[in-house]
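# What the coordinates show
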Amino acid sequence: MIDPATALAFSVFENRGVYAVLLGSGVSRAAQIPTGWEVTLDLVRRVGILEGAVEQADWAAWYRQKTGKEPDYSEVLDAIATSPDERRSILHSYIEPTVEDVQEGRKVPTRAHHAIAWLVREGFVRVILTTNFDRLMENALREAGVEPTVIRSDDDLQGAVPLTHSRCFLVKLHGDYLDSRIKNTNEELGAYSAPMNALLDRVFDEHGLIACGWSGDWDHALRAAIQRAPSRRYPFYWASRGALSHQGEDLLRHRRGTMLPIAEADSFFDGLRRRVEALAATQRPNVQSTELLVATAKQYLARPEHRIRLNDLLADEHGRLVERLAEPSFSVQAQWSAEQFRRRVSRCEVNTEALGRVFGAMGRWGDGADLALASEIVRDLAQQPSVSGTTLWIEMRAYPAVLLLYAYGLGLLKGGRHEALFRWFSQRIATSRRDSEPIVSTLLLGAWAGGEQNIWQQLEGLERRKTPLSDHLHDVLSGWTKDYLLAAREFTRLFEAFEVLGALAFITLRATKEDLMAAHSATSQRDFVWSPIGRAAWDSEHRDAILASFEEPDTRRRLLEAGFARGDDQFLSLAMESVRRLMGRISW
């Protein structure tokens, strides 16, 4: 039998945006914000001490003995504070974090809040209902780069954007602790306004429900709204630390829901996030469909009359890639974290692989018309609209273009198409930060704004590498070249030769012969003209052979005829020497 928690994860993943989350005070307990029962006992203690009672081991028992009744949150609060403003002031001290609280990690968003924020950011959850007065949920959402539509009162509801147009609809059913209109007493919790009831009726009719940290005992109007919902189209899951009360069991039975025993909210929501994330990671493009796509592209490349079909194939795959990159998981508003960076890198690579492999085959067997097709797609992926957000996430939106720069260029080099390769390096594109410049000046290694060494050292195994981006691309692209490389052992040399030629193209397009001559004769440490350089700088096993091959008369002639070094033999010698000196500055 499938574990209900696993079934829930599958349902959340397969029904993106369908589930609403209902949060009670138990979710904020890990933040050391007391539950309603804990507030009740503390209020009883404070009243007892004021009335002369000594400290009690069990204040609930003291209250029973004194009043003959069970401690009741609503009754106790109503007895000591007769107005909403008074009640708000009393609750303020239980919720508002002090400087010391924040420093010691109290009254700040918990793992549960952050996991829910992740589910919202990735598009799996869009509606959150909470009976809590605190602001932990909205704070976690904003830390994740999501600005929620917060409903604290009928006024907010009246002026809010429609539910279907909001990325996240956060409904604070009982209000906010800084608002005097909070609902506390039984009378206040007995009924909601007509607009709020209309919203809840829609939510419970159109969404599945995940409840956690909520007992269901005191919130009479909320319980009634769940009971009257006519639809059973999506499941109701109730996560609880212990057995539900009789009222809770009746509600669960009425909704034909599923009880999920949990240790606490943090582990439950964190586990749900991890399960959903694992399911998302398995949704890479089907291997067989990718193989078919590449095979089809090869057929089109072999027949000039199929040029239009090849164009359509590329356009379709490009459109699918753009659609995937527009998903919430690539939002530029999210805050930076190394874990998030690693996930985004992996997702970009998974989503770009099919198009990258087609680009490689196109570079290897194209007839010249393919260059315009490749350039158009890379320009579109590299040029980003002006947006605000985390700078690195904005720059990372061009990472698929970086992958395609390599994929097509490696195919060109394998095919011996040196002239097309230099034209590829020379293609002018524009990014969000720069005017139109050659592709090697915007997307190649350190010339790319997203290619900083300390960023790519965040990837596992690259922490101490001098050329982490190059090393990572080497590992990724090695699996993308099997469609045209007969022997896997030749890949590293092909890859490093491509990067060295990219450095030569960079110098060709950005420097003058006078710049090179001045660096060549310099007596200072800077005796080279900078260019983006990769792993060949330290990989002596292949570096020396690559540089020697470029000195062979036939290869040298082909490079000059292709446009490298502007066709000037002396320029080429100076540029090669500059690259050698730069490589000498980089040690393993």
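Keep in mind that what you see is a predicted model, and the values were worked out from it rather than measured.

## Comments concerning the overall build of the protein chain
- Of regular secondary structure, the protein chain possesses 29 helices and 9 strands.
- Buried positions account for 55% of the 588 residues belonging to the protein chain.
- Residue pairs in contact within the protein chain that sit at least 24 positions apart in sequence constitute 71% of those at least 6 positions apart.
- As presented, the protein chain carries roughly 26,100 Å² of accessible surface, and 49% of it is formed by carbon and sulfur atoms.

## Details of the sheet that holds strand β1 (residues 19-23)
- Strand order in the open sheet formed by 7 strands is β3-β4-β2-β1-β5-β6-β7, and the pairing between neighbours is parallel. Of all the strands in the sheet, the pair left with one neighbour each is β3 (149-151) and β7 (258-261). Neighbouring strand axes in the sheet, compared pairwise and without regard to direction, differ in orientation by 20° on average.
- Sheet topology note: the strand β5 (residues 208-212)/strand β6 (residues 236-240) ladder contains 4 bridges and is parallel.

## What to know about the environment of S426
- If you trace the backbone, S426 turns up in helix α21 (residues 418-426).
- Sequence spacing of S426 and F506 is 80 residues, and the spatial spacing of their C-alpha atoms is 8.6 Å.
- In this structure S426 touches P438, I439 and L509, once residues within four positions along its chain are discounted.

## Quick notes on the environment of K466
- Secondary-structure assignment places K466 in the loop between α23 (453-456) and α24 (468-477).
- Spatially, the C-alpha atoms of K466 and Q453 are 7.3 Å apart, while their sequence positions differ by 13 residues.

## Brief notes about the pattern of salt bridges
- If you walk through the whole model with that rule in mind, you get 38 salt bridges.
- Ionic pairing is found between E122 and R347, a salt bridge with its closest N-O pair at 3.5 Å. Of this pair, E122 sits in the loop between α7 (111-121) and β2 (125-130) while R347 sits in helix α17 (residues 338-365); the two residues are 225 residues apart in sequence, bridging distant segments of the chain. You'll find E122 and R347 in the same group, each marked buried.
- Here the salt bridges share partners, and the residues they tie into one network are D527, E551, R556, D569, E577, R580, R581 and R585.

## Considerations on the packing of aromatic side chains
- With the rule as written, the count across this model stands at 21 aromatic pairs.
- Between Y408 and W424 the ring centres are 4.8 Å apart and the planes differ by 80°, which places this aromatic pair in the edge-to-face class. Here Y408 is found in helix α20 (residues 399-414), whereas its partner W424 is found in helix α21, with 16 residues between them in sequence. Judged on exposure class, the residue Y408 and its partner W424 are both buried.

## What about the pairing of strand β4 (residues 169-172)?
- On β4, burial covers both faces: F169 and V171 on one face and L170 and K172 on the other are all buried.
- Where β2 lies against β4, 4 bridges are found, and the strand directions are parallel. Along β4, the bridge assignment pairs I128 with L170.
- Where β3 lies against β4, 3 bridges are found, and the strand directions are parallel. Note on β4: the bridge partner recorded for V150 is L170.
- Since β3 and β4 lie parallel, the crossover through helix α9 (residues 154-159) that links them has a hand, and here it is right-handed.

## Things to note about the nonpolar core
- Residues F359 and L443 are the most contacted members of the largest nonpolar core, which totals 106 residues.
- Beyond its immediate stretch of four places on either side in the chain, L443 contacts V378, A382, A398, A401, V402, L405, I429 and W448.
- In terms of nonpolar packing, the next biggest core, distinct from the first, is built from 39 residues, L8, C212, A265 and F269 among them.

## A short note on helix α13 (residues 246-254)
- Those residues of α13 that fall on the buried side of the exposure criterion are G248, L251 and L252. Taken end-on, α13 shows its buried residues confined to a sector of 100°, consistent with a single buried face. Residues of α13 that are exposed and point over 90 degrees away from its buried face: H246 and R253.
- Each element contacted by the buried residues of α13 is listed here: α12 (220-228), β6 and β7.
- A positive backbone phi angle near 50° is found at R256, which sits one or two residues after α13.

## Digging into empty space enclosed by the protein
- Scanning the model with the defined rule gives 4 cavities of 30 Å³ or more in all.
- Taken as a whole, the second largest cavity spans an internal volume of roughly 50 Å³.
- Every residue along the wall of the second largest cavity is listed here: A20, V203, F204, H207, G208, L209, I226, F236 and R255.
- At the level of elements, α11 (194-206) and β5 are the ones that each hand at least two residues to the lining of the second largest cavity.
- Tallied by class, the residues present in the lining of the second largest cavity amount to 6 nonpolar, 2 polar and 1 charged.

## Quick look at the side chain of R535
- Following the sequence through the fold, R535 ends up in the loop between α26 (513-520) and α27 (540-551).
- Assessed through its relative accessible area of 9%, R535 is described here as buried.

## Some remarks on the confidence of the model for the protein chain
- On average, residues of the protein chain score 85 in pLDDT, and 89% of them reach the 70 mark or higher.
- The secondary-structure element of the protein chain with the lowest mean pLDDT is helix α10 (residues 186-189), recorded at 56, while α21 shows the highest, at 97.

## What about unusual backbone geometry?
- Positive phi outside glycine occurs at R256, with the angle close to 50°.
- Here R256 shows up in the loop between α13 and β7.
- On the basis of relative accessible area, R256 is assigned to the exposed category, the value being 63%.
- A positive phi angle is found at A565, which is not glycine, with a value near 60°.
- Mapped onto the fold, A565 is located in the loop between α28 (553-562) and α29 (569-584).

## What about α20?
- Between its terminal C-alpha atoms α20 stretches 23 Å, which fits the 22 Å expected from 16 residues at 1.5 Å a residue.
- G416 occupies a position one or two residues after α20 and carries a positive phi of about 70°.

## Points about the side chain of T467
- Its location among the elements puts T467 in the loop between α23 and α24.
- Of note is the side chain of T467, whose polar atom sits 2.8 Å from the side chain of W538.
- Leaving out residues up to four positions away in the same chain, T467 has contacts with I533, G534, R535 and W538.

Rules used throughout
Residues numbered from 1 in each chain as written. Predicted model: local features only at pLDDT ≥ 70, side-chain atom pairs only at ≥ 80, totals over all residues. Heavy atoms only, no water. Helix = DSSP H or I, 4+ residues; strand = E, 2+ residues; numbered from the N terminus. Buried < 20%, exposed > 50% of the residue type's maximum accessible area, 1.4 Å probe, protein only. Contact = heavy atoms within 4.5 Å. Areas by Shrake-Rupley, 256 points an atom, 1.4 Å probe, with all protein chains shown as cover. Pairing = 2+ DSSP bridges. Axes fitted to C-alpha atoms, helices over the stretch in contact; angles between N-to-C directions. Salt bridge = Lys/Arg side-chain N within 4 Å of Asp/Glu carboxyl O. Phe/Tyr/Trp six-rings, centres within 6.5 Å; stacked < 30°, edge-to-face > 60°. Right-handed = clockwise from strand over helix to strand, strands pointing away. Core = buried A, V, L, I, M, F, W, Y, C linked by side-chain atoms within 4.5 Å. Arc of directions from axis to C-beta. 1 Å grid on protein atoms, 1.4 Å probe; cavity = no way out; pocket = protein on both sides within 12 Å on 5 of 7 lines; lining within 4 Å. Points joined across faces, edges and corners; volume = space filled by probe spheres on them. Nonpolar A, V, L, I, M, F, W, Y, C, P; charged D, E, K, R; others polar. pLDDT = per-residue confidence, 0-100. Expected span 1.5 Å × (residues − 1). Polar contact = N/O pair within 3.5 Å; in protein donor to acceptor, adjacent residues only side chain to side chain.

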